[in-house]
Amino acid sequence: MANNRSIFISHSTVDKDYGMALKNLLVSLMPKQKVFLSSSDTQGVPVNQDINEIIKTEIRNGAYVIFLLSDNFYSS
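Below or above, wherever it landed, is the structure these notes cover. (Residues numbered from 1 in each chain as written. Predicted model: local features only at pLDDT ≥ 70, side-chain atom pairs only at ≥ 80, totals over all residues. Heavy atoms only, no water.)

**What about the nonpolar core?**
Thought 1: In terms of nonpolar packing, the biggest core is built from 6 residues, these being Ile7, Ile9, Met20, Leu26, Val35 and Leu37.
Thought 2: Not counting the four nearest positions on each side in its chain, Ile7 is found in contact with Leu26, Met30, Gln33, Lys34, Val35, Phe36, Tyr64 and Ile66. (Core = buried A, V, L, I, M, F, W, Y, C linked by side-chain atoms within 4.5 Å. Buried < 20%, exposed > 50% of the residue type's maximum accessible area, 1.4 Å probe, protein only. Contact = heavy atoms within 4.5 Å.)

In structure tokens form, the structure reads like this:
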């Protein structure tokens, strides 16, 4: 069953492939759930929209946030 709250995957752009793998896993487990990440125009925030505003809005609406922690994440 889909939840109205989206899931945002926060990660370093260097780890884009890991972010996409996690997104794909979550979508396969919960096909109706909105899952997005910032490093992909097609899988995340649309090209002409402000990423910071989208993320703020989603979090205000109760989005779940998954932090994909890595050395790259801490360095960014």
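On we go.
**Let's talk about the sheet that holds strand 1 (residues 7–10)**
Strand pairing in a sheet takes place through backbone hydrogen bonds and is either antiparallel or parallel in direction.
Thought 1: With parallel pairing, the 3 strands of this open sheet are ordered in space as 2-1-3. The two strands at the open ends of the sheet, each matched to only one other strand, are strand 2 (35–37) and strand 3 (64–67). Across the sheet, the axes of successive neighbouring strands diverge by a mean angle of 25 degrees, strand direction being ignored.
Thought 2: Helix 1 (residues 16–29) contacts strand 1, strand 2 and strand 3 of the sheet and is inclined by roughly 175 degrees relative to strand 2. (Pairing = 2+ DSSP bridges. Helix = DSSP H or I, 4+ residues; strand = E, 2+ residues; numbered from the N terminus. Axes fitted to C-alpha atoms, helices over the stretch in contact; angles between N-to-C directions.)

**A closer look at the side chain of Ser6**
Thought 1: Inspection of the secondary structure assignment puts Ser6 in the segment before strand 1.
Thought 2: For Ser6, the side chain forms a polar contact with the side chain of Glu58, separated by 2.6 Å.
Thought 3: Once residues lying within four places of it in the same chain are set aside, the contact partners of Ser6 are Gln33, Lys34, Phe36, Glu58, Ala63 and Tyr64. (Polar contact = N/O pair within 3.5 Å; in protein donor to acceptor, adjacent residues only side chain to side chain.)

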